[in-house]
Structure formats: structure tokens, C-alpha cells
Amino acid sequence: MPNTKLYFQYREPSPLMQVWINFQSNPFALSALYCFGFITLMMILAPVVSPFDANQQFSDLTSLPPSWDDDGKMRYFFGTDDLGRDMLSRIMHGARYSLGYPILIVLFAGIIGTALGAGAGMTRGLKSSTLNHLLDVLLSIPSLLLALIIIAILGPSLENVVIALSLVLIPQFIHAVRNAVHDEIYKDYVVAAKLNGCSTWYILTRVILPNITTVIVMQTTLALSTAILDIAALGFLGLGVQPPAPEWGTMLARSLDQVYLSPWLMVLPGLALFLTVFSINVIGDSLRAAIQERIRNS
Amino acid sequence: MSCLLEVKGLYKNYIHKSGWLPGKRVCALEPISFTLAKGESLAVMGETGSGKTTLAKLIAGAEPPSGGEILLNGERLETGNYRQRCRHIRMIFQDSLGSLNPQTTVGQQLLESLKFNTDLSNQEQVDRVNETLMKVGLLPDHFFFYPHMLSSGQQQRVCIARAIVINPQIIVADEALVGLDPSVRAQIINLLLDLQQDMGISFIFISHSPEIVKHVADKILIMHRGKMIEFGKTSELIKNPTEHVTELLLQSGIIKNQL
């Protein structure tokens, strides 16, 4: 068989590939990425792999401790709560509310915020200011408070939380993207592209966007951890997702009155929440470090 | 020789604005007029801050002028119409790495101007880019390189390739040779002169070095504090400079002694 790779050919990696190589060389970053990937996979596969339905009650097996306890049963790996619902299934299904919805919110806010921010960055004068400061008023109110106001008007429900959090995250994206675009647009290579006769759309999507992906990725990880914590906080306060939905914050709130009798009801959802937010933050931080390293080396 | 480029009363003011008060007007370039013939090289010299770079940017279209007009073959170049301008006038920036997009391959960046200004097919565009890379002494393999993988001399060559890829009539080089070591600089100058011979390009180049100017330029334009103070043939200016600044810039005394 002819060997097509006769000579060793060294190919210098592309800038994005370089970031990935730097990221990979950090074991913490990689384990955080695997952890986050695992949680996401569990969330998607919850209906298939979870042993029971989230709200299925086993009335003869209430407050069963986790399986590693002497009284625990292997069939109910994380034990059951005071109504006899399987904790493992509830946590897996709960990931949909506590991680799935934040991801959707961040995607939505990210797309709208990036579009408006890019528009503000590419234009000048009044138009740019209008786009840039369109939703600034929302920045002055903390996200939780704004959510509370919207919920006070519309009533507590998941939809209202989604609306409130999207509204809070959009201006953050606008500002981050607008500043990044504004920093790039006066650089020589953008002027050179302009002098090449490129269309504005081409300059934005092919010349500037590849150079600000890092900013967008950083902002996304930040926004994601904010959204997760806010949804959980509102659920804990009883203003967001309503029971019996297995949202992690709601589960924490419900477990408060039995914390001495069955502590696992509080520890397990809390641990899930902690792991998710922690892995996202570690990924964000390592990504920033990887990007800085690439910039330093080039 | 026919007149290719005609600059008439071109000037540029910058307005430094602070707060709500009407800004302070700073004149970067006072009205300037000159002409350039086909295949001719014009050197622009002057001290730092004398408006050389402003002039280059105005001619290349990187900045809008405050007034005056630029005529190319008798046709007026409109401000902000990059398509019209870039077919004829191209610019080589001072900072070659800074003027190349770090996230895109060299080939893609050379394709840009062809994509937007010609109706060649994709294959023809790629062929043209490879041909241009060969012309500036690079290899077609460099198509797939990212700018940070090249040495500074090679980056400068890529910038030249980008300027000549759509066969312009005028190239504006803004201190394009400053950061290079002497041997590479000589290579690049010879490259530019060869290209000028082959393609009949006119050059406007900004330089501090009297040796290069003397070697390359047909005409010299001396700027001082935003004004054009002298404009004439290289040999005449070197022999009989009328202004003291010219004499200093060209170091005429030294050169005359050497002759």
C-alpha cells in the first residue's frame, strides 16, 4: 500500500486550534469540560436513562436514604424524598429546568445582544448610541430584583422568569460585543479590508467576528452561570418554577423543613447546582487563560 | 507622459472635541495640489507629524478628506466609494502584521479584493492569488499560512501581494520599509522596482531614508507642518534645495560630497 504521508509535515495550528491546545493542556479545565458535558448529556437523556418518572411516588418507601447508607436500597440510588419520589430521577429531570432553560435563555439573549452590539459597534453617532444604550436602564436593576418586579406584575411562572432573565442578559451582551467591535474596527486590518472593497456584512462576519469570538465566549460562560444561579434562586424563593416540577432550587426550598431528618434532600440538589456552576466557571476561566496564552505566544 | 493622478486643493482638518463645547480645529494637512504621471515614483518626505501619513491615507481612501478633490485619469474619486478606488489605488500599511487579519489565512485575505471587485470564477481567483504570491517571491503553499507564521519580511511581501493582486495603477506605501533589516529592505525595494517595470505601476511612497528616495523616486515632495514646501525632480532637489528643511532631510551636503 503506498504511504501517502511520506514526510513528516508540520502544520502550524490555526489560532482557534491553538486556543484549544492550550485549553487541553490544563487538566482542571479538561475535567470541568467533561463534568459539564456529562451533566448536559444526563439532561438530554433524562427521559431515557432515568429509572423512574420525576413525579412517580412510592408511598411505602418515603424518606429512604441513599443507597450507600445501611438502610438504603440500590433501586433508589440517591434515596427518596418525603413523598416517596426517587431523588436520582428528580435531579436528572431537574437539570432540564436548572441547566436547559438557562442555556436557552443565554442563546436567545446572546443572539439578540450580539446582533444589536455588532450594529452599535459598526455604526457611529446617534444610531450607535441609541443601539448601545437601548436597554441600559435594565442594567441599573439587579437581575433578581428585575425578575421579582416582572413576576410581581405577571405572576410567578417559568415563562416570566425566562423573560426577565433574557431582558437582564441582553444589555450585557450588547455592551461586551459593542466594545469589542469598537476596539477592532479602527485597527489596520479592518481598514485594509475596507480598502479591499469588502461589503460591510463581510467585514462584520468574516473579518471582525473571528477576532472577537473570545469575548463572546467569555460573556456566554459568565451569562450562563448568572442565569443558572438566578433560576435556582427564584425557584428557592418560590417565585420561579412551581412545585412539583423538579427544579433544583425548588427542591432545596422544599427540603428546608426536613434537613435534620433527611439531609440528602438538601445536599444532593445543592451539589448538582454547585458542580454545574463550578464547572462552567472553571471552563470560562481556563478559556480566558488559554486565550491570553495564545496572544502572548503569537 | 500623461497625467494619471491629479490632486487638487486636498486638505484635512481634525476636530478635537472635549465635552459639549465646539471642538478645537487642528489642521493636519493644508490644501495641497500635485500631479503624478503613469509609471512615476513620488517620494513624500518630512518630519514626524508633518502630514505625510494623512496625505497617504487621504489618497488611498482610508480617511475622508475635509475638502479638495482627487482625479484619476480625469475622473473624480468619490469619498467612501471603496470599490471604485481600490481597483486603481492600493495601500501598503506601515505595520504589516497589524494590517493582516490574524484569524484568516493569507490566501483568504488576498482573495477578498478579487471576490468583491472582479467577476472571475473561484478557480481563476485562486490561480491569480497563487500567481501573485509567486510574483512577490512567496510560494503557493503560503496560501494556507496564518500571518503570525510568517517572518516580517514575508508579511511585508504578503502586503505587497495584496496591493498588486488586482492590478492597480497606483500603490501608496506608508513607510512600508521601516521595520525591515537592510538586506530584506533591499530585496523588497528591488521587488517593487521590478513590479513597476513589469506592470507600469505608479508609486507614492513615504520614507525617511534619503538613500532609498534617491534610488527609487522620480519626484520628491517635501512636507513641513502640514504644508507642501517643495515639489520637484529628485536630481534637481538634491542639487539645489531651496529650503533648509529639504537640505536637512535629503542630507544633500553629504550626498553631494560623495558624488
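Note that this is a predicted model, so its numbers are computed, not measured.

*Asks:* Residues and numbers for the sheet that holds strand β4 (residues 67-72) of chain B, please.
*Replies:* All names here are of chain B. Overall, antiparallel pairing links the 4 strands, which are arranged β2-β1-β4-β5 in an open sheet. Looking at which strands have only one partner, the edges of the open sheet turn out to be β2 (24-37) and β5 (75-76). Taken together, the 2 bridges between β4 and β5 define a ladder with antiparallel strand orientation. Looking at β5, one finds that Leu 72 is bridged to Glu 75.

*Asks:* Explain the nonpolar core to me, using residue names and the numbers behind them.
*Replies:* In this structure, Ile91(A), Val106(A), Leu169(A), Ile228(A) and Trp248(A) are the most contacted members of the largest nonpolar core, which totals 53 residues. Every element with two or more residues in this core is listed here: α1 (15-24), α2 (27-49), α3 (87-122), α6 (143-154), α7 (158-185), α9 (200-236), α10 (248-255) and α11 (264-297) of chain A. Per element, the largest residue contribution to this core is 12 residues, and it comes from α11(A). Beyond its immediate chain neighbours, meaning those up to four positions away, Ile91(A) contacts Phe78(A), Trp248(A), Met251(A), Leu268(A), Pro269(A) and Ala272(A). In terms of nonpolar packing, the next biggest core, distinct from the first, is built from 48 residues, Leu150(B), Val158(B), Leu195(B) and Ile238(B) among them.

*Asks:* Provide a residue-level description of the UniProt feature "domain: ABC transmembrane type-1" (unreviewed entry) in chain A, including the pertinent values.
*Replies:* In the UniProt entry, the feature "domain: ABC transmembrane type-1" (unreviewed entry) is given for residues 95-284 of chain A. The distance from the first to the last C-alpha atom of residues 95-284 of chain A is 20 Å, and the span holds 82% helix and 0% strand.

*Asks:* Can you explain the UniProt feature "transmembrane region" (unreviewed entry) in chain A? Please cite residues and give values.
*Replies:* Taking the UniProt record as the reference, the feature "transmembrane region" (unreviewed entry) is found at residues 28-49, 99-122, 134-154, 161-177, 221-241 and 261-284 of chain A. Structurally, residues 99-122 of chain A is divided into 100% helix and 0% strand, and its ends, taken at the C-alpha atoms, are 33 Å apart.

*Asks:* Any details on the pairing of strand β6 (residues 89-92) of chain B? Residues and values, ideally.
*Replies:* Residue and element names in this part refer to chain B. Taking every second residue as pointing to the same face, both faces of β6 are buried, with Ile 89 and Met 91 on one and Arg 90 and Ile 92 on the other. Bridging between β6 and strand β7 (residues 170-174) involves 4 bridges; their strand directions are parallel. If you follow Arg 90 over to β7, its bridge partner there is Ile 171.

*Asks:* Before we move on, can you summarise the sheet that holds strand β9 (residues 219-224) of chain B with the specific residues and values?
*Replies:* All names here are of chain B. Strand order in the open sheet formed by 6 strands is β6-β7-β8-β3-β9-β10, with mixed pairing between adjacent strands. For this open sheet the edge positions go to β6 and β10 (227-233), each flanked by a neighbour on one side alone. Neighbour to neighbour, the strand axes of the sheet diverge by 15° on average, direction disregarded. Pairing analysis gives 6 bridges linking β9 to β10, with the strands arranged antiparallel. If you follow Lys 219 over to β10, its bridge partner there is Lys 233.

What counts as what
Residues numbered from 1 in each chain as written. Chains lettered and ligands numbered in written order. Predicted model: local features only at pLDDT ≥ 70, side-chain atom pairs only at ≥ 80, totals over all residues. Heavy atoms only, no water. Pairing = 2+ DSSP bridges. Helix = DSSP H or I, 4+ residues; strand = E, 2+ residues; numbered from the N terminus. Core = buried A, V, L, I, M, F, W, Y, C linked by side-chain atoms within 4.5 Å. Buried < 20%, exposed > 50% of the residue type's maximum accessible area, 1.4 Å probe, protein only. Contact = heavy atoms within 4.5 Å. UniProt positions renumbered as here; feature names shortened; annotations may be inferred. Axes fitted to C-alpha atoms, helices over the stretch in contact; angles between N-to-C directions.

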